[in-house]
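# Per-entry structural report
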Amino acid sequence: MDDEETELRNPFPSPPSHYTRYTNHNLKLLELLRERVGKDADLYSINQYEVLSDQTDVPDWPLAQLEKPRVDWILEEGHYTVFGDTWFIKETIPSLAELGGRQLYPADPSVDRRPALRSILRSLLVTYSKLLSALLLPPPTASSAQNEPEWKRHLEWINVLAQNIMAAANDLRPVQARGNLELMMRRQLELRREETKNIHSKCDALEAQLAQLRMASQGSSSQSNAPSVRSVPGPTGISGESAPLPQPRNVSIKDLLSWAEELS
């Protein structure tokens with residue numbers, strides 16, 4: 001039995017030793033036994049040799065061991081065992097009293113625990129002071145050696161107080177997790193709002209630049225469509241002829257857009 005429990009607690013346990021009993025012959029015997037005695041009958045209280053007297057190779061161990069686990073029993077008990085460990089159906093944090101400890105604060109989470117925790121902290125400090133005083137006492141005599149040392153009682157009480165403080169802190173883990181998650185989500189929301197604001201401001205600046213470029217392109221196109229003047233008085237060169245003025249360059253919309261992308 002000890003070997004089986006040790007094997008179950010192994011990180012990589014082997015299959016249970018009774019897996020060899022799940023043969024086709026044994027499963028047929030179990031089905032036949034259930035048909036003859038009824039579905040609601042307790043197979044452990046029935047003599048399977050008498051019921052299956054016309055069958056061969058009836059095992060000497062109860063065939064009821066081959067049945068599937070009763071889910072209603074698991075729900076009723078609230079826990080089940082797998083590989084030597086007990087698992088609860090509802091994932092709850094057990095209290096200190098449920099774990100077998102001495103609980104000094106209210107079990108109801110709706111009750112304010114701060115007064116009880118303050119009392120536990122004060123008691124812890126006082127007991128620690130008494131423990132130091134007990135350690136400074138002279139060694140016990142032969143007559144008083146049979147009595148329990150005073151420092152040992154203080155040490156046990158400090159252990160109880162520390163267990164209560166740790167258990168109360170563990171009960172607040174879900175509250176702390178919800179608070180951290182709320183702060184993280186608020187921070188993410190603020191970052192997304194800042195990013196959205198920056199994107200909107202950038203879009204507004206680009207729209208303003210594009211509007212200026214459109215106006216400039218419309219002005220240049222209107223100037224290019226206007227009738228050109230043949231002779232314009234201007235500065236004369238050495239030969240006495242007027243120097244020609246520089247002609248405006250036709251700029252296309254594609255050139256303006258590429259220039260705007262370079263600026264952005």
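What you are looking at is a predicted structure, and each value in this text was computed from that prediction instead of being measured.

## Digging into a nonpolar patch on the surface
There is a patch of nonpolar side chains on the surface, built from Val-71, Leu-75, Tyr-80, Val-82, Phe-83, Trp-87 and Ile-89 and spanning about 670 Å² of accessible area. Mapped by element, the contributors of at least two residues to the nonpolar patch are helix 4 (71–77) and strand 1 (79–82). Tracing the chain through its elements places Val-82 in strand 1. Overall, the relative accessible area of 34% leaves Val-82 in the partly exposed class.

## Some details on the environment of Leu-136
Structurally, Leu-136 is set in the loop between helix 5 (114–135) and helix 6 (150–171). Spatially, the C-alpha atoms of Leu-136 and Trp-151 are 9.9 Å apart, while their sequence positions differ by 15 residues.

## What to know about the side chain of Gln-48
As for its position among the elements, Gln-48 is in helix 3 (residues 48–51). What makes Gln-48 buried here is its relative accessible area of 7%. One polar contact links the side chain of Gln-48 to the main-chain carbonyl oxygen of Pro-59, over a distance of 3.2 Å. At 3.0 Å, the side chain of Gln-48 forms a polar contact with the backbone nitrogen of Leu-63. Ignoring any residue separated from it by four or fewer positions in sequence, one finds Gln-48 in contact with Leu-33, Val-58, Pro-59, Trp-61, Pro-62 and Leu-63.

## So, unusual backbone geometry
Phi is positive for Asp-57, close to 55 degrees, though the residue is something other than glycine. Along the chain, Asp-57 turns up in the loop between helix 3 and helix 4. On the basis of relative accessible area, Asp-57 is assigned to the exposed category, the value being 62%.

## Concerning the side chain of Arg-34
Turning to its location among the elements, Arg-34 is positioned in helix 2 (residues 24–37). Relative accessible area serves as the criterion here: at 17%, Arg-34 is assigned to the buried category. A polar side-chain atom of Arg-34 sits 2.4 Å from a polar atom in the side chain of Glu-67. In contact with Arg-34, other than residues within four places in its own chain, are Lys-39, Asp-40, Ala-41, Leu-43 and Glu-67.

## Here's the deal with the packing of helix 5 against helix 6
Pairs of packed helices are described in terms of their axes, by the angle between the two and the distance that separates them. Helix 6 packs onto helix 5 with a crossing angle of 155 degrees between their chain directions and a minimal axis gap of 9 Å. Between helix 5 and helix 6, the angle falls in the class roughly antiparallel. For the pair helix 5 and helix 6, the crossing hand works out as left-handed. In contact with Leu-117, Ile-120, Ser-123, Leu-124, Thr-127, Tyr-128, Lys-130, Leu-131, Ala-134 and Leu-135 of helix 5, helix 6 contributes Glu-150, Trp-151, His-154, Leu-155, Trp-157, Ile-158, Leu-161, Asn-164, Ile-165 and Ala-168.

## A few points about the nonpolar core
In terms of nonpolar packing, the biggest core is built from 10 residues, these being Leu-29, Leu-30, Leu-33, Leu-43, Leu-52, Val-58, Trp-61, Leu-63, Ala-64 and Leu-66. With residues near it in sequence (within four places) discarded, Leu-29 still touches Leu-52, Gln-55, Thr-56, Asp-57, Val-58, Pro-59 and Leu-63.

## A few points about the confidence of the model for the protein
Looking at the protein, pLDDT values average 80 and 82% of them are 70 or higher. Looking across the protein, the model is least confident in helix 1 (residues 2–8), with a mean pLDDT of 62, and most confident in helix 5, with 92. Counted against residues more than four places away or in other chains, residues 236–240, with its pLDDT under 50, gives two contacts.

## Some remarks on helix 6
Across its 22 residues, helix 6 extends 32 Å between first and last C-alpha, which sits within 8% of the 32 Å expected from 1.5 Å per residue. The set of residues buried in helix 6 consists of His-154, Ile-158, Val-160, Leu-161, Asn-164, Ala-167 and Ala-168. Tucked inside the fold, the buried residues of helix 6 contact helix 5.

## Looking at helix 5
Between its terminal C-alpha atoms helix 5 stretches 31 Å, which fits the 32 Å expected from 22 residues at 1.5 Å a residue. Within the sequence span of helix 5, burial applies to Ala-116, Ile-120, Leu-124, Thr-127, Leu-131 and Ala-134. Looking straight down helix 5, one finds that the buried residues subtend no more than 95 degrees of arc, so they occupy a single side. When the buried face of helix 5 is taken as reference, the exposed residues oriented beyond 90 degrees from it are Arg-114, Arg-122 and Leu-125.

## Regarding the pattern of salt bridges
All chains considered together, the criterion is met by six salt bridges. A salt bridge links Asp-54 to Arg-36, with the nearest nitrogen and oxygen atoms 2.9 Å apart. Remark: Arg-36 occurs in helix 2 and Asp-54 occurs in the loop between helix 3 and helix 4; sequence separation between them is 18 residues. Overall, Arg-36 belongs to the partly exposed group, its relative accessible area being 39%. Here Arg-187 ties to Glu-190 by a salt bridge, and the two come within 3.6 Å at their closest N and O atoms. Remark: Glu-190 and Arg-187 occur in helix 7 (residues 173–225); sequence separation between them is three residues, near one turn of the helix. Here Glu-190 falls in the partly exposed class, since its relative accessible area comes to 41%.

What counts as what
- Residues numbered from 1 in each chain as written.
- Predicted model: local features only at pLDDT ≥ 70, side-chain atom pairs only at ≥ 80, totals over all residues.
- Heavy atoms only, no water.
- Patch = residues over 30% accessible without salt bridge, like charges linked within 9 Å, V, L, I, M, F, W, Y side chains within 5 Å.
- Areas by Shrake-Rupley, 256 points an atom, 1.4 Å probe, with all protein chains shown as cover.
- Salt bridge = Lys/Arg side-chain N within 4 Å of Asp/Glu carboxyl O.
- Helix = DSSP H or I, 4+ residues; strand = E, 2+ residues; numbered from the N terminus.
- Buried < 20%, exposed > 50% of the residue type's maximum accessible area, 1.4 Å probe, protein only.
- Polar contact = N/O pair within 3.5 Å; in protein donor to acceptor, adjacent residues only side chain to side chain.
- Contact = heavy atoms within 4.5 Å.
- Axes fitted to C-alpha atoms, helices over the stretch in contact; angles between N-to-C directions.
- Parallel < 35°, antiparallel > 145°, perpendicular 65-115°, else oblique.
- Left-handed = near helix turned anticlockwise from the far one by under 90°.
- Core = buried A, V, L, I, M, F, W, Y, C linked by side-chain atoms within 4.5 Å.
- pLDDT = per-residue confidence, 0-100.
- Expected span 1.5 Å × (residues − 1).
- Arc of directions from axis to C-beta.

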